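Analysis of the macromolecular model
Residue-level listing of the chains:
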Amino acid sequence: MSNSPFTSVLAALTRQRGVRASLVVDENDGIVVDSNLQIGQDGDRVAALAASLYRKARLSARAAQLGTATFMQLEAERGRICAAGRNDLVLVVVADPAANIGMIRVEMIKAAGGLP
Amino acid sequence: MSLVNYATREITCKIVYYGPGRSGKTTNLHYIYGQVPEDRKGKMVSLATQTDRTLFFDFLPLDLGTISGFTTKFQLYTVPGQVYYQTTRKLVLQGADGVVFVADSQARQLEENIESFQDLHANLAEQGIDARAVPLVIQYNKQDLPRDLILTPAELNDALNFRGVPEFGADALHGPGVFETLRSISELVLKRLSQPVK
Amino acid sequence: MSITAVEPWVEIPLRKFVEEARTVLGLLLHPSGQVVAQFGFARAVDVMSACALAAAIHASAGELGKQLEGKPFRGLHHPGRDRQLYLAEAATPRGTFIFLTVFDQESSLGLVRLYFDEFCKSLAAAAPPAPRRVEPVIEERFEQELNRNLAALFGRG
């Protein structure tokens, strides 16, 4: 894991119980800016798809005149993907089904607010 | 090797116009472009400097119509002739099915013609290609200039055409010789497709 | 989205790429500049021009890489105002191809790269062995047709 402005934010998120991976992704390109992953995880794949999803969610919220999207959650059989963004950056977290999603959500929204 | 699609019955061949700087390679393509109807040609791509010297290549796609039931398309390229564009010349030459060597008939350009001809053979050899196996036609351009400034096709043949390939005098700016050159290289390239593969 | 393929075996992998990556234009070509498949283009002759340019870009980038760090560059990305371009090599048992695609805001570089990797794998898996042709492609006496077509092309018919 490289030392970047996002290292401590990602480390704090990954310390949350049930969080398997955390990433900062460029929303426009879908490219990883920084990540905190377990060995064997494909961060690039998650980044590209999650950024695309978040972007669509953000545009949907705007189209529905609901204001700025603050948090997105995708629930699947074996876990969740959560995303919160600011400007062109998106925080993405991959978590277990049993993870404390409420706490993760609070931490992500706080962290996203600190993104440049 | 020419690209042949048996399913769609299409043949595509790449012809490269090679030669020293300002010999008339681009002029050949411009003349061809000017003669061919709109529906039989694509856009001519010219990657050139601000002074209209070829920087990378000129490209002209031509639809030659149906030959033996195959729609036949030719891609005509030129290379930059100036010496310091050696690297880009090599890149453009890759995959060529036939070469037209455009020589400048001016007597003072003889050295440049010879160097460029040697450069062609060296680049083919570098790609692992036997130059004798590549269809080649030589065009002696600028035959319209005053007699005291140019060499005759016979004199140029002595200097360049040691392989005895088809050669044509030309005035690419006004047209004479351009069509004949293209026809000759087309024949040579397509002849390879009319032979059984060994 | 209509796909035109010179080699039929590329069509399924290419269609999957187009559907998943949601790009706008695409070209699969030989490094010499000859088209293998395309989608999104209106005219065949426009495809040929685009192929020539793509082959030139690829050849230049490869050569530049060799000269700078000893290894050819393999992928290229050009961000544009409304559209972006991605160009990369795809290796198959039938040789190396170049793939060029143009995408807009419906996709992203990350998605294009992701699905391009999958496209390369499915292309390599789909490639049949090269056919061994022994018979000639065109008739021995093709010159008459060639001369007639060239004469028509040059208005000498």
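About the thresholds
- Residues numbered from 1 in each chain as written.
- Chains lettered and ligands numbered in written order.
- Predicted model: local features only at pLDDT ≥ 70, side-chain atom pairs only at ≥ 80, totals over all residues.
- Helix = DSSP H or I, 4+ residues; strand = E, 2+ residues; numbered from the N terminus.
- Rg over C-alpha atoms; globule rule 2.2 N^0.38 Å.
- Buried ≥ 20, exposed ≤ 12 C-beta atoms within 10 Å, placed from the backbone.
- Contact = placed C-beta atoms within 7 Å.
- pLDDT = per-residue confidence, 0-100.
- Nonpolar A, V, L, I, M, F, W, Y, C, P; charged D, E, K, R; others polar.
- Axes fitted to C-alpha atoms, helices over the stretch in contact; angles between N-to-C directions.
- Parallel < 35°, antiparallel > 145°, perpendicular 65-115°, else oblique.
- Left-handed = near helix turned anticlockwise from the far one by under 90°.
- Core = buried A, V, L, I, M, F, W, Y, C linked by C-beta atoms within 7 Å.
- Pairing = 2+ DSSP bridges.

Our next topic: the overall build of chain B. Helix and strand counts for chain B come out as five helices and eight strands. Shown N-terminal to C-terminal, the secondary structure of chain B runs as helices and strands in the order β-β-α-β-β-β-α-β-α-β-α-β-α. The C-alpha atoms of chain B give a radius of gyration of 16 Å, which matches the 16 Å a tight globule of 198 residues would have. The principal-axis extents of the C-alpha atoms in chain B amount to approximately 55 × 40 × 30 Å. Counting every position in chain B, which comprises 198 residues, the buried fraction comes to 51%. Considering only intrachain contacts with a sequence separation of at least 6, the fraction spanning at least 24 residues in chain B is 69%.

Attention now goes to the overall build of chain A. Helices and strands together make up the secondary structure of chain A, namely three helices and five strands. Mapped from its N terminus to its C terminus, chain A presents α and β elements in the order α-β-β-α-β-β-β-α. Computed over its C-alpha atoms, the radius of gyration of chain A comes to 13 Å, within 12% of the 13 Å expected for a compact globule of 116 residues. Dimensions along the principal axes, computed over C-alpha positions, put chain A at roughly 40 × 30 × 25 Å. Residue burial in chain A is summarised as follows: out of 116 residues, 34% are buried. Of all intrachain contacts in chain A linking residues separated by at least 6 positions in sequence, the fraction that spans at least 24 positions is 52%.

For the rest of this paragraph, the subject is the confidence of the model for chain A. On average, chain A scores 91 in pLDDT, and the residues at 70 or more come to 98%. When mean pLDDT is taken per element in chain A, strand E5 (residues 89-95) of chain A scores highest with 95 and helix H1 (residues 7-15) of chain A scores lowest with 91.

Most contacts, compared over the two pairs of chains touching, are made between chains B and C. For chain A and chain B, which are not in contact, the least C-alpha distance works out to 30 Å.

Between chain C and chain B, the contact holds 36 residues from the first and 41 residues from the second. Of all the elements, helix H2 (residues 44-69) of chain C adds the most residues to the side of chain C that touches chain B, at ten residues. The residue makeup of the side of chain C that touches chain B, split by class, is 19 nonpolar, nine polar and eight charged.

As a further point, take the packing of helix H2 (residues 43-63) of chain A against helix H3 (residues 109-126) of chain C. Contact geometry of H2(A) with H3(C) gives a least axis separation of 8 Å together with a crossing angle of 130°. By the angle class used here, H2(A) and H3(C) are oblique. The hand of the H2(A)/H3(C) crossing is left-handed. Facing Asp44(A), Arg45(A), Ala47(A), Ala48(A), Ala51(A) and Ser52(A) of H2(A), the residues of H3(C) in contact are Gly110(C), Leu111(C) and Leu114(C). Along the lines of polarity and charge, the residues of the contact of H2(A) with H3(C) split into five nonpolar, two polar and two charged.

What follows is about the nonpolar core. By size, the foremost hydrophobic cluster in this structure holds 128 residues, and its most contacted members are Leu91(A), Val92(A), Val93(A), Val16(B), Phe101(B), Leu29(C) and Cys51(C). Here this core takes nine residues from H2(C), the largest share from any one element.

A separate point is the interface of chain C and chain A. With five residues of chain C at the interface, the matching set in chain A holds ten residues. When its residues are assigned to classes, the side of chain C that touches chain A shows three nonpolar, two polar and no charged.

Another point: the environment of Ser116(B). Looking at the secondary structure, you find Ser116(B) in helix H3 (residues 110-126). Overall, the presence of 24 C-beta atoms within 10 Å leaves Ser116(B) in the buried class.

It should be kept in mind that the predicted coordinates are not to be read in detail where pLDDT is low. Residues of chain B with pLDDT of at least 70 account for 98%, and the chain-wide mean is 91. Reported confidences for the modelled complex are a pTM of 0.79 and an ipTM of 0.80.

A word on the environment of Val18(C). All names here are of chain C. With respect to the helices and strands, valine 18 occurs in helix H1 (residues 11-21). For valine 18, a count of 20 C-beta atoms within 10 Å puts it in the buried group. The sequence separation of valine 18 and asparagine 147 amounts to 129 residues, and the corresponding C-alpha distance is 41 Å.

Turning our eyes to something else, we now look at the sheet that holds strand E2 (residues 32-36) of chain A. All names here are of chain A. Reading across from one edge, E2-E1-E5-E4-E3 is the order of the five strands in this open sheet, with antiparallel pairing throughout. Edge positions in the sheet fall to E2 and strand E3 (72-76), since each has one partner strand and no second. Across the sheet, the axes of successive neighbouring strands diverge by a mean angle of 15°, strand direction being ignored. Note that E3 and strand E4 (residues 79-86) share five bridges and pair antiparallel. Pairing of glutamate 75 across the sheet is with arginine 80, part of E4. Where H2 meets the sheet, its contacts fall on strand E1 (19-26), E2, E3, E4 and E5, and the angle it forms with E1 comes to roughly 65°. Set on the sheet, helix H3 (residues 101-113) makes contact with E1, E4 and E5; between it and E4 the angle comes to about 25°.

This next bit is on unusual backbone geometry. Positive phi, normally seen in glycine, also occurs at Asn87(A), with a value near 50°. Within the element layout of this structure, Asn87(A) appears in the loop between E4 and E5.

Residues and elements named next belong to chain C. A sheet is described by the order of its strands in space; here six strands give the open sequence E1-E3-E2-E6-E5-E4, paired in antiparallel fashion. If you trace the sheet from one side to the other, it starts and ends with strand E1 (3-5) and strand E4 (75-79), each paired once. This sheet shows a mean twist of 10° between the axes of neighbouring strands, independent of strand direction. Taken together, the three bridges between E1 and strand E3 (residues 35-39) define a ladder with antiparallel strand orientation. Bridge pairing in E3 links alanine 5 to alanine 37. The strands that H1 touches are E1, strand E2 (25-29) and E3; relative to E1, the one it contacts most, it runs at about 150°. H3 contacts E4, strand E5 (84-92) and strand E6 (95-103) of the sheet and is inclined by roughly 20° relative to E5.

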